[in-house]
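# Coordinate inspection notes
Each chain is listed here by its residues.
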Amino acid sequence: MSKYLPKQSELVKEFEEKPSVLKGDYEGREWWEMPFEFREGNFCFPAKPEVIKDLGFPNPRKWQPTDDDWKLPDGWQKILKDAMKERLKKYRSLKLYLDSCVRCGACADKCHFFLGTGDPKNMPVLRAELVRSVYRNDFPMVEKILKGFAGARKLDEKVLREWYMYFYQCTECRRCSVFCPMGIDTAEITIMVREILQLVGLNNNWILAPVSNCNRTGNHLGIEPHTFVQNIESLVDDIEDVTGVKVNPTFNRKGAEILFITPSGDVFGDPGVYTMMGYLLLFHHIGLDYTISTYASEGGNFGFFTSNDMMKKLNAKMYHEAKRLGVKWILGGECGHMWRVVHQYMDTMNGPADFLEEPVSPVTGTKFTNARATKMVHIAEFTADLIKNGKLRLDPKRNDHLRTTFHDSCNVARGMGMFEEPRYILNKVCNSFHEMPENTIREQTFCCGSGSGINAEEYMEMRMKGGFPRANAVRHVREKHKVDSLVTICAIDRASLPPLMRYWNPGVSVYGLHELVGNALVMDGEKKRTEDLREDPMAGFEDGEEDED
Amino acid sequence: MSTTWERVIAERRHDILRRWQEKGLGLFAEKMSPATPMGEAMADAMEMILDGFATGDDLPREGISRLARILAVQSFRPSRSLSVFTALRDVLLASAPDRDAAEVCRKRIEAMTFEAFDSFMEHREKIYQLKVEESRDRMYMQLRRSVS
Ligand code: SF4
Ligand code: SF4
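Here we summarise the structure given alongside this text.

Cut-offs applied
Residue numbers restart at each chain and count upward from 1, following the sequence in its written direction. To read the labels, note that chains go from A and ligands from 1, taken in the order they are written. Only residues with pLDDT of at least 70 get local features here, since the model is predicted, and only at 80 or more are side-chain atom pairs given and counted; chain-wide, interface and lining totals rely on the full set of residues. Derived side-chain values reflect all non-hydrogen atoms in the structure, with water molecules and hydrogen atoms excluded from consideration. Note on definitions. A residue lies near a molecule or strand when any single heavy atom of the residue is within 4 Å of it. Side-chain classes follow a simple rule in which Ala, Val, Leu, Ile, Met, Phe, Trp, Tyr, Cys and Pro form the nonpolar group, Asp, Glu, Lys and Arg form the charged group, and the remainder, Gly included, forms the polar group. In this description, contact between two residues means that some pair of their heavy atoms is separated by no more than 4.5 Å. Reported buried area values correspond to the accessible surface (1.4 Å probe) lost by two parts on association, with both partners' losses combined. In the analysis that follows, any N or O atom pair within 3.5 Å is treated as a polar contact, provided that within protein one partner can donate a hydrogen and the other can accept it, and provided that, for residues neighboring in sequence, both atoms belong to side chains. The helix and strand labels rest on DSSP assignments: H or I over at least four residues marks a helix, E over at least two residues marks a strand, and numbering proceeds from the N terminus. Here is the rule: rings of Phe, Tyr and Trp (six-membered ring for Trp) pair when centre to centre is within 6.5 Å. Planes less than 30 degrees apart are stacked, more than 60 are edge-to-face, and the remainder are tilted. For every residue, the accessible area obtained with a 1.4 Å probe (protein chains only) is divided by the maximum for its type, and the residue is called buried under 20%, exposed over 50%, and partly exposed between those limits. Whether a charge lies above a ring is judged from NZ of Lys or CZ of Arg, which has to be within 6 Å of the ring centre and within 35 degrees of the ring normal.

Taken together, Cys101(A), Val102(A), Arg103(A), Cys104(A), Gly105(A), Ala106(A), Cys107(A), Val125(A), Cys180(A), Pro181(A), Met182(A) and Ile184(A) make up the full set of residues adjacent to ligand 2. A per-class count over the shell around ligand 2 returns ten nonpolar, one polar and one charged.

Dropping the structure here:
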């Protein structure tokens, strides 16, 4: 049981002393009567009709949440109710989460969106209540069982609009579940609601366009294989410019020992590409026999934010490609939701991958028994093991121009329980590392505010609010320890934390962990290093005057 | 700044701050709790502004900027955001010892409101700038290829 659960006495005190929508302190109003309004910055654009058509999803049309007429299909209520019934039958967890909330309020102030907006419907308990209130109306037996909990309402268009607004103001981060004495995971409710909203054409272009691209060409941007290869080759040239070392990645090579898969943000975006350069240097340093696929060219899986079926389909290419290339196992790059999909679903969804072997590090001989089922190892575990066994030549002074802190990505921290490996690596590759306050890291980490596919530009204001608790914790270490570098192991974080920092903490830059590994690696045949992988000067290495150990 | 206000605020700082912060947190749809990170950040900024009001002739720009940064991303309208300064004026005027002090207060709050308006707009512009920068970062390699 989570050590963060409040004690009963604390809950009673909290319930008695704090004002709460659950106690009806809102002067004769029901909580659902509190107004909400779609305004610029608080919704993501719906998917374009051509994207919906590409995917064969229902109700392609042009519309905006600010429109009076959402052009819903006839019988939309029945479509949603049937879909809900089907899922309640299929997923016992969902039924349990809807039935077992005791309204203790322990989750109320744990959601970053509530903390950033002050909007009570962003309290996890009320977010779930948006659905429960309909569920109670349609399943009268449930109300009898849950007697004492008032509030049943019909599924009308206002409720639907509310669902659309508030289930895209949940990043499925699961922070609330850490504090729930009943173990309720509101993220699962969000996942279900978003899935059924697709059935009446209520969706998000920032999620579905990458899904459609992945479906067609294998990666979020829809980049063709030859461009994918050219991008990485261009990074190889950059590495040579900075280090003097020519690394030699291979593509679609049959018979390689390991298939390496990473989010495409590492191949296309700034600052992700510097993390990619770090991987390439690392693999060269240890002489790894690996290959990169231009088909499984995306570790991310926005199908996860769409529907179970779509998640499964997009994930399948990882095993397909591993089988086609005849590799022994898969190594995965830094990503958040990719790991939630791999860790929690891949084996049962698209496995068992009996054609692969239990992963063993070819350098240290370490067996990754935790990856026995999926046959896929997280790069942080892989690198931590290399360091632990003394297989890397590292000079942490090469990162002395950075004063770092570490952001735990929700999916890797809460979804996989991985807390120590990235910290272990970080402490070996740099000399200045400071933790943010305890209630903002590890399993209590705050979301970047942009996870689960709401990283859209048009949603910037909401993202700034949702990301505020994280930014505030960074501000704390910036003021106390002069931290200027936020290190993370998630591609969405690498994309979404830079604007968050530029807004709330100007002067703080965002780095991938393996970018810092790449900076610190002492490569055979390298030239005198004066710049890091971003071509920023390294402190103490000016004029190439590196002080050797 | 007149020593009168320095004295008044030194004497009644706690009460003035409490009343003003109450109004500031009340800007939100349902009152923002002072114990939240957002509530604390607002309270800190308001404290900086009040101390600046009390002690110097220079505008408390850092406090104003911090408050405007918070308000510029909220879903309520700009006029509602800036009403936080009228709220401060009302709280302070209730403690004004004489007409001269009241006049000083009005002028000072007016200058702070203009400064806050500029800062609010700068932060709104920042949001648009972030959108552009983010799109550029996302397409970094494509853009690089297109110019090389
Ligand atoms: S899963 Fe995260 S975003 Fe969703 S309600 Fe819980 S804390 Fe909020
Ligand atoms: S979801 Fe859990 S923590 Fe939240 S009110 Fe219900 S029982 Fe309590």
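Attention now goes to the interface of chain B and chain A. Residue-level contacts link 35 residues of chain B with 46 residues of chain A. Summed over both sides, the interface of chain B with chain A buries roughly 3,600 Å², with 51% coming from carbon and sulfur. On the surface where chain B and chain A come into contact, there are 16 residue pairs in polar contact (both at pLDDT 80 or more). The set of elements that each furnish at least two residues to the side of chain B that touches chain A consists of helix H2 (37–55), helix H3 (61–71), helix H5 (99–138) and helix H6 (140–147) of chain B. In terms of residue count, H5(B) provides more of the side of chain B that touches chain A than any other element does, twelve residues in total.

How two aromatic rings sit relative to each other is given by the distance of their centres and the angle of their planes. Residue and element names in this part refer to chain A. Inspection of every chain in the model, using the stated rule, returns 27 aromatic pairs over all chains. A centroid spacing of 4.9 Å and a plane angle of 90° characterise the contact between Tyr-503 and Trp-504, whose relative ring orientation is edge-to-face. With a relative accessible area of 1%, Tyr-503 lands in the buried category. For Trp-504, a relative accessible area of 7% gives the class buried. Three or more aromatic residues link up through ring pairs in this structure, and these residues are Phe-36, Phe-38, Phe-43, Phe-45, Trp-63, Trp-70, Tyr-164, Tyr-166 and Tyr-168. Positioned above the aromatic ring of Phe-179 is the side chain of Lys-110, whose terminal nitrogen or guanidinium carbon lies 5.0 Å from the ring centre.

Most of H3(B) is tucked away, with eight of its eleven residues classed as buried. Looking at H3(B), one finds that the buried residues are Gly63(B), Ile64(B), Ser65(B), Leu67(B), Ala68(B), Arg69(B), Ile70(B) and Leu71(B). Looking at the packing, one finds that the buried side of H3(B) touches helix H22 (491–504) of chain A together with H2, helix H4 (78–93) and H5 of chain B.

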